Structures are given as C-alpha cells and as structure tokens.
Amino acid sequence: MASATKNNSTENSAPLKIANVQSWRATLCRATAWKTARYTKGNIEATVVGISDDDGNTGYGYMPAMLIVGESPATAEALLHTTIAPLLRQVQVDGVQPVMRDIDLAIGGNVQLKFAVEEALLDLQAKRMQTPLFNLFGGLSRRDVPVMRMLGLKPPKETAAEAQALVERGYRYVKIKIGLDDKRDIETVKHTRETLGGDIAISVDANQAYTPMHAVKVLNQLRDCNLIVCEQPVRQDDVRGMAFVRKNVNIPIMADEGVTTATDALRLIEADAMDAVSIKVWKMAGYYKSREIASVCSAANVGVHVGSTAGSQLMEALQLHFCASIPDLFAGAEIGEFESLTDDPASGLTVENGTLRVSDRPGLGVDIDMSKLQETTALWQPK
C-alpha cells in the first residue's frame, strides 16, 4: 500500500504535459438587465477554457468577457488558440506561476483570458494531485465565506425591498449602486438602512461617477447611514481625488477600478487614498497577481475585499478558494451573483444562510454541464 501511494504521488507531481486546449461559449441569462452608473447589461456571453493533460484529466477556466474591461469571447478565443495554446504545448509545466509569466511575455493585457487559463491550469494541477485547490494556495484560513450581494440602480422602495428579501435569506452584507441621480441615491440608501435596521452591513458603489467635490457632497449626506465603505467614488486614475474624498468624509473609502496591480495598490497606500481594496481575481489576471495585491494591502493594514461581477459558478469557485485561503477578508465577498443567472454550465456552489462553504473535492469543486456549452475550438484551427 505504501509503495502504491508513493507511486501515485510521484506520478501526480511529475511535470505536466499539455495535450489539448479547448474553448466553448456559454450564455448565462438574466431575468432583468443589470444597471450601474457605468453600463447596463443583459445576458452574459462568456468563454470557457479547457486544458487537458495526456492522461485525460481536464481543468476548466472561465472568462466573463466584460467588454468594459476590454475583452470579448472572439478576441479571447483568437489569442487562446493562436498564441497561448502553442506556447502551452511547447513546455512541460512544472508549476503554473512560471507558465503564466511566459504568457505575460507573449501577450499584454487580456487579464480575463489570463485568469481563465490560469484557473484551468490550477484546476488541472489540483485534480492531478487529488486535492482541493485551496491546498495549492497554502491551506484554509476559513471554511465559510460571507457573501455580499449587489443591488443595481433601482427606485428606493424597490431597492429596499430587494435588500430585505436577501436579509430574510440570511445575507448580512449588501451593496447599493449609486452615481446617476443624487436625490434618488440618497433616498435609496437612507430608506434601505431604515428598512434593514442597524445590524446589516451596507456599502455603496459609485463606479467612478463623481468628481471629488461631488463625492464629498453626496457622501456627507449619508454620514448617518452607518455605511461600512464607499467603493471607487472618483475616476480610477484620480489618486489625489481619492485621497481628498477620504480626508473629507467619515465613510471608509475602497478602491476597485483604481487597483489592478500591486503597484497601483502601493500608489494609493502612499497617498493615504484608501481604507480597503476590492480584488476581482478575474480582473487581476488570476490568483498569483491577486495574492500580491492582497499581501501589499494587508501589510499596510488596508482591508482586503473580494469583488466580482455576475458570472458562472466556475468563475466564483476560484474566487471562493482565494477567499478561503487569504488571512484577512473585509466585508465578505461578492461571489454569489450566480444566483440571479440561469443556464450556468457549472454547478456545485450553494449559498446557505448568506455564506459559501469551500469544497474538499479535488480541484475547483464544481461540475460542468457540457450540454450548456457550444464548442468554438474548431473555429480557430488552420483550414
């Protein structure tokens, strides 16, 4: 028995040889359009990446294809099959991180695609090692992750009622989108606070909608609403503006769009411009770069929050393992928006009493329904 165990361990830890790289389209449907100060979006067309070894094991990754971040399914699949797949087939993978550095050298930007590729490689590596993904991240800091739910731009009473329904299901964190209509936004936040009482954590997100002076004017009218944080009140590149707002309001300020790298985080820390950071692992090009940002912020006593967009459980599975492994987590994580979507190709995550529990299954811990995917690999093969 000991000999068999040793042989199995040696085989699973051997260098990984990539045999196949595939892509599929997934369409996830919303009942109603999602509206923020920056955009309105209905159904989601995304890309799923599959990376297989020569033993037939496959890891999966998800690219949300947020055009506002600069990528679409078509652009991602073209780069995946013409640039990344040939690179992966040329190397033996001893570890995922050096492979991702090679990919960074091969293509710039394209952070969502890089996330999907890294996620697929990590899922594959963990499956080969027959261990849950969080063990590749250093083990658990927490088993259960509190989920923050997001509320789009809607009338005050409708927003408050939606928030109350979430609280009745066990959620303790909600985020209200603001930024288009001051009067409505202020009324919405105040009405929601009155409806929920003082025990529920409420944050607001302006999605860069304000100038610094405008942000101060609006947020100071919300000073009595006991908000845990205001997210990205000003333009993402306005570090001085973030610092000005933070100095002149009594609500903690969180950076989102303004931080995409550890260097961005350092710049805001040095300017005294944020109390917390929202890390979207899929927008930071994956786990390794997100971990760098989290480490920098934790060292500076800046809160680390994990944000997201509505997307598949496949995407949120990696973010869940990330949340479960980092030592500090501020205000939960926005990783439950898949509840508002249908036709998700992934399953296995269930929010219970406002929390998500990380799985002990090997890899990401989700199942993939291939019948909900349309393969696009052949579109990019040489004719």
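In the block above lies the structure referred to throughout.
Residues numbered from 1 in each chain as written. Predicted model: local features only at pLDDT ≥ 70, side-chain atom pairs only at ≥ 80, totals over all residues. Heavy atoms only, no water.

Focus: the pairing of strand E4 (residues 44-53)
Alright, step 1. Within E4, nine of the 10 residues are buried, leaving the element largely enclosed by the surrounding structure.
Alright, step 2. Bridge analysis of strand E1 (residues 16-30) against E4 gives 10 bridges, and the strand direction is antiparallel. Residue leucine 28 lies in a different strand from E4, and its bridge partner there is isoleucine 44.
Alright, step 3. By the bridge criterion, six bridges tie E4 to strand E5 (residues 58-63) in an arrangement that is antiparallel. Residue pairing across strands places serine 52 opposite threonine 58, the latter belonging to E5.
Alright, step 4. In textbook terms, the turn of a hairpin is the stretch between consecutive antiparallel strands, and for E4 and E5 this stretch comprises four residues, one of which, glycine 56, has a positive phi near 90°. (Buried < 20%, exposed > 50% of the residue type's maximum accessible area, 1.4 Å probe, protein only. Helix = DSSP H or I, 4+ residues; strand = E, 2+ residues; numbered from the N terminus. Pairing = 2+ DSSP bridges.)

What to know about the packing of helix H9 (residues 262-270) against helix H10 (residues 287-299)
Alright, step 1. For the pair H9 and H10, the least separation of the axes is 8 Å and the interaxial angle reads 20°. With respect to their mutual orientation, H9 and H10 come out roughly parallel. In this structure, H9 crosses over H10, and the sense of that crossing is right-handed. Seen from H9, the contacting residues are Ala262, Ala265, Leu266 and Ile269; seen from H10, they are Glu292, Ile293, Val296 and Cys297.
Alright, step 2. Each residue belonging to the contact of H9 with H10 can be placed in one class, and the counts come to seven nonpolar, no polar and one charged. (Axes fitted to C-alpha atoms, helices over the stretch in contact; angles between N-to-C directions. Parallel < 35°, antiparallel > 145°, perpendicular 65-115°, else oblique. Left-handed = near helix turned anticlockwise from the far one by under 90°. Contact = heavy atoms within 4.5 Å. Nonpolar A, V, L, I, M, F, W, Y, C, P; charged D, E, K, R; others polar.)

Quick look at helix H4 (residues 111-129)
Alright, step 1. An ideal rise of 1.5 Å per residue puts 27 Å on 19 residues; H4 measures up with 27 Å between its terminal C-alpha atoms.
Alright, step 2. H4 sits mainly inside the fold: 16 of its 19 residues count as buried.
Alright, step 3. Just past H4, the residue glutamine 130 takes up positive phi, approximately 55°. (Expected span 1.5 Å × (residues − 1).)

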